[in-house]
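What follows is each chain in one-letter form.
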Amino acid sequence: MNIIEKILAKASDRRDVNPGEIIEANIDKVMANDITAPLAVKAFKEMGGKKVWDKERIILVLDHLVPANRDRSAELHMLLRKFVREQKIKHFYDVGRGGVCHQIMMENHVKPGEVIVGGDSHTCTYGAIGSFATGIGSTEVASVFLTGKLWFKVPKTINIVIEGKLKQPSAPKDIILYIIGQFRADGATYMGIKFSGETIKDISVDGRMTLCNMVVEMGAKNGIIEPDDKTALYLKERGFTSPNFIKDDVDAKYYKTVYYDASEVEPMVACPFTVDNVKPVSEVDKVEIDQAVIGSCTNGRLEDLRLAAQIFRNKRVKEGVRVLIIPASQKVYMDAMNEGLLETFIKAGALICNPCCGPCYGGHLGLLAAEEVCISTTNRNFVGRMGHPKAKIYLASPATVASSALTGRISVPR
Amino acid sequence: MEICGKVLKYGSDINTDVIIPGQFLVLTNSEELAKHAMEGLDLEFHKKVKERKIIVAEKNFGCGSSREQAPIALKYAGVKCILAHSFARIFYRNAINVGLPVLECGEVVMKILEGDELYINPKTGLIKNISRDVEFNVNPVPDFLLEIMEVGLVKFIRERRKS
């Protein structure tokens, strides 16, 4: 069996599983946020739920509407606080205590080999350290609150092997954009994606999170990377011990294996209005921008902020461009402060926002007017994703976004 | 379960951000959500759905965010069933869980046009295009999902817990 099949077999108390089989898995952890958890709480009560299955395995995070921007958002938060009190939920990240749900999960909760579901499509991020993690809707979150179990179809697995050295200034974001451009938006629907190869070994856990985060943009159920020394170090830094890592068997099978050469990946950008509309930055470098965003569950981590700060150091953002820097968590925010990155951003003329989903959630802060253009490190560029349906969003790496903010048009990082 | 109605057609990669834009996710009432269904894609949707209640779409319907508000908004706006070449997986599960029938049809969707009148049986996989007098057989919805699809996951679990 491959790593995905082995995790699902373990979680469903089976000796083995095969792609296409329907299994019922025991869920290690379930996460929901302030726009998916309220519906889950409502459904939990309508199901007749009195007590959650395990108050220590439920993680609730406020991140899309933080701090509350209107009375209705505040009511959603109030509803969740009440549920947390009633059910004595152990892990609740209120305003000022957390950040973007996926970052919080990776900093505090995810362990290799676990089965984790979340009321958010980018839950697939956690495969970066070898867990099976996937997004579900609110009613299924409620059913997990109640039973701790969920059905899955064991996915076919595509093994994406990446070899070759990534050339500066290309980053993991450029690799995943390139791959999505090749697969297209539905190229991996229902499937598991395993990333492997020499290049992956060189990529940090932060970068691996960016890869796994975006597999849902080609329809995949989950993305996963076999745990290694970097994983062990990541766990150690967070005070976790390393379990016996689950990896592929020697005779592991895949639905198919595809190969990419990282040395050929140049800085890429996903153009409006689909994530698979991917072009090299060099082909769109005349596009003028109004806003640049660095943040989100895709690229709001310390490594991303370091890269951006390197580009902003002793420079000023182009007049007429507004820059939003959104650290993905309170921890990332603090680390960035301690390293002096925030000072660099402020001196460059960027606005530092509190950890939250920011404009990527299209209903909170940093929104766009009709015809405005934004370049962003986030994950979706759909019509209306960041405000007005006529605004245009380009997705790119932190280095490309920072460089573009300096020149005022989409630019290859220097 | 049998469904009859006229067809409202859409293309590929209809994402959940256009089905229900992010700014409306503060709403928790199904009827209120329904008022904004398809607002990011088709401002004529509400007028059309009065007459045409079966959505027929191409590839990857419901891609993007896991927001269950998307199938809820469509269901409460009056959509009775969605046929698509393929669905994004989270949307597919969400639709079944909120009791909105969905059927994966492959190339068959190309033979169904705007305004056609259909008869659909998700249990057998039979689709009749009454307007054009042709029949198609697609993969039926598996029995265990059909049970959930008929009543929605909330009621399904509530009833199961009682027995």
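Residues numbered from 1 in each chain as written. Chains lettered and ligands numbered in written order. Predicted model: local features only at pLDDT ≥ 70, side-chain atom pairs only at ≥ 80, totals over all residues.

### Quick notes on the overall build of chain A
Phase 1: For chain A, the count of helices and strands is 14 helices and 18 strands.
Phase 2: Taking 414 residues into account, the globule formula puts the C-alpha radius of gyration at 22 Å, and chain A, at 20 Å, falls close to it.
Phase 3: Sorting the 414 residues of chain A into buried and exposed places 60% on the buried side.
Phase 4: Long-range contacts, defined here as pairs at least 24 residues apart, represent 77% of the contacts in chain A between residues at least 6 apart. (Helix = DSSP H or I, 4+ residues; strand = E, 2+ residues; numbered from the N terminus. Rg over C-alpha atoms; globule rule 2.2 N^0.38 Å. Buried ≥ 20, exposed ≤ 12 C-beta atoms within 10 Å, placed from the backbone. Contact = placed C-beta atoms within 7 Å.)

### Some details on the overall build of chain B
Phase 1: Within chain B, the secondary structure is distributed over 7 helices and 7 strands.
Phase 2: Over its C-alpha trace chain B gives a radius of gyration of 15 Å, about what one expects of a compact globule, namely 15 Å for 163 residues.
Phase 3: If you line up chain B on its principal axes, its C-alpha atoms span 45 × 45 × 25 Å.
Phase 4: Put simply, chain B has 163 residues, and 51% of those count as buried.
Phase 5: Long-range pairs, those at least 24 residues apart, make up 67% of the contacts in chain B with a sequence separation of at least 6.

### Focus on the sheet that holds strand β3 (residues 81-84) of chain B
All names here are of chain B.
Phase 1: Taken in spatial order, the 7 strands make up an open sheet running β4-β3-β2-β1-β5-β6-β7, and their pairing is mixed. In the strand order of this sheet, the two ends are held by β4 (102-104) and β7 (134-137), each with one partner. The sheet shows a mean angle of 25° between the axes of neighbouring strands, direction not considered.
Phase 2: Sheet topology places strand β1 (residues 3-9) next to strand β2 (residues 54-57); 3 bridges connect them, and they run parallel. Looking at β2, one finds that valine 7 is bridged to isoleucine 54. (Pairing = 2+ DSSP bridges. Axes fitted to C-alpha atoms, helices over the stretch in contact; angles between N-to-C directions.)

### Section: the interface of chain A and chain B
Phase 1: Contacts between the two partners involve 39 residues from chain A and, on the opposite side, 31 residues from chain B.
Phase 2: If you list the elements that add at least two residues to the side of chain A that touches chain B, you get α2 (37-46), α3 (71-87) and α5 (138-147) of chain A.

### Here we look at the environment of glycine 125 of chain B
Phase 1: Looking at the element boundaries, glycine 125 of chain B is found in the loop between β5 (117-121) and β6 (126-129).
Phase 2: Not counting the four nearest positions on each side in its chain, glycine 125 of chain B is found in contact with Asn137, Val138, Asn139 and Pro140 of chain B.

### Details of the domain arrangement of chain A
All names here are of chain A.
Phase 1: For chain A, the assigned domains are domain 1 (3-261) and domain 2 (269-407).
Phase 2: On the domain 2 side, the residues contacting the 32 residues of domain 1 number 31 residues.
Phase 3: Contributing elements (two or more residues each) for the side of domain 1 that touches domain 2: α4 (101-108), α6 (172-183) and α8 (205-213).
Phase 4: With 6 residues, α6 is the single largest residue contributor to the side of domain 1 that touches domain 2.
Phase 5: A class-by-class count of the residues in the side of domain 1 that touches domain 2 yields 11 nonpolar, 13 polar and 8 charged. (Domains from an automatic or database assignment. Nonpolar A, V, L, I, M, F, W, Y, C, P; charged D, E, K, R; others polar.)

### Some points on the packing of α6 of chain A against α8 of chain A
All names here are of chain A.
Phase 1: At a minimum axis separation of 9 Å, α6 and α8 run at an interaxial angle of 20°. In terms of orientation, α6 lies roughly parallel with respect to α8. The handedness of the crossing between α6 and α8 comes out as right-handed. For the pair formed by α6 and α8, the contact residues are Pro172, Lys173, Ile175 and Ile176 on the first element and Gly207, Thr210 and Leu211 on the second.
Phase 2: Taken together, the residues of the contact of α6 with α8 break down into 4 nonpolar, 2 polar and 1 charged. (Parallel < 35°, antiparallel > 145°, perpendicular 65-115°, else oblique. Left-handed = near helix turned anticlockwise from the far one by under 90°.)

### Topic: helix α13 (residues 341-348) of chain A
Residues and elements named next belong to chain A.
Phase 1: Those residues of α13 not exposed but buried are Leu341, Thr344, Phe345 and Ala348. The buried residues of α13 all sit within an arc of 95° when viewed along its axis, so they share a single face.
Phase 2: In this fold, the buried residues of α13 make contact with α11 (302-312), β15 (322-326), α12 (330-338) and β16 (351-352).
Phase 3: Directly beyond the C-terminal end of α13, a positive phi value near 100° is found at glycine 349. (Arc of directions from axis to C-beta.)

### Some remarks on unusual backbone geometry
Phase 1: Omega for the peptide link from valine 66 of chain A to proline 67 of chain A comes to -10°, which places this bond in the cis form.
Phase 2: Mapped onto the secondary structure, proline 67 of chain A falls in the loop between β3 (58-61) and α3.
Phase 3: Residue proline 169 of chain A follows glutamine 168 of chain A across a cis peptide bond; omega there is 0°.
Phase 4: For proline 169 of chain A, the position within the fold is in the loop between β8 (157-163) and α6.
Phase 5: Phi at aspartate 13 of chain A is positive, roughly 55°, even though this residue is not glycine.
Phase 6: According to the C-beta neighbour criterion, aspartate 13 of chain A is exposed, with 10 such atoms within 10 Å.
Phase 7: The backbone of asparagine 60 of chain B shows a phi angle near 65°, a positive value even though the residue is not glycine.
Phase 8: Mapped onto the secondary structure, asparagine 60 of chain B falls in the loop between β2 and α4 (69-76).
Phase 9: On the basis of neighbour count, asparagine 60 of chain B is assigned to the buried category, with 26 C-beta atoms found within 10 Å.

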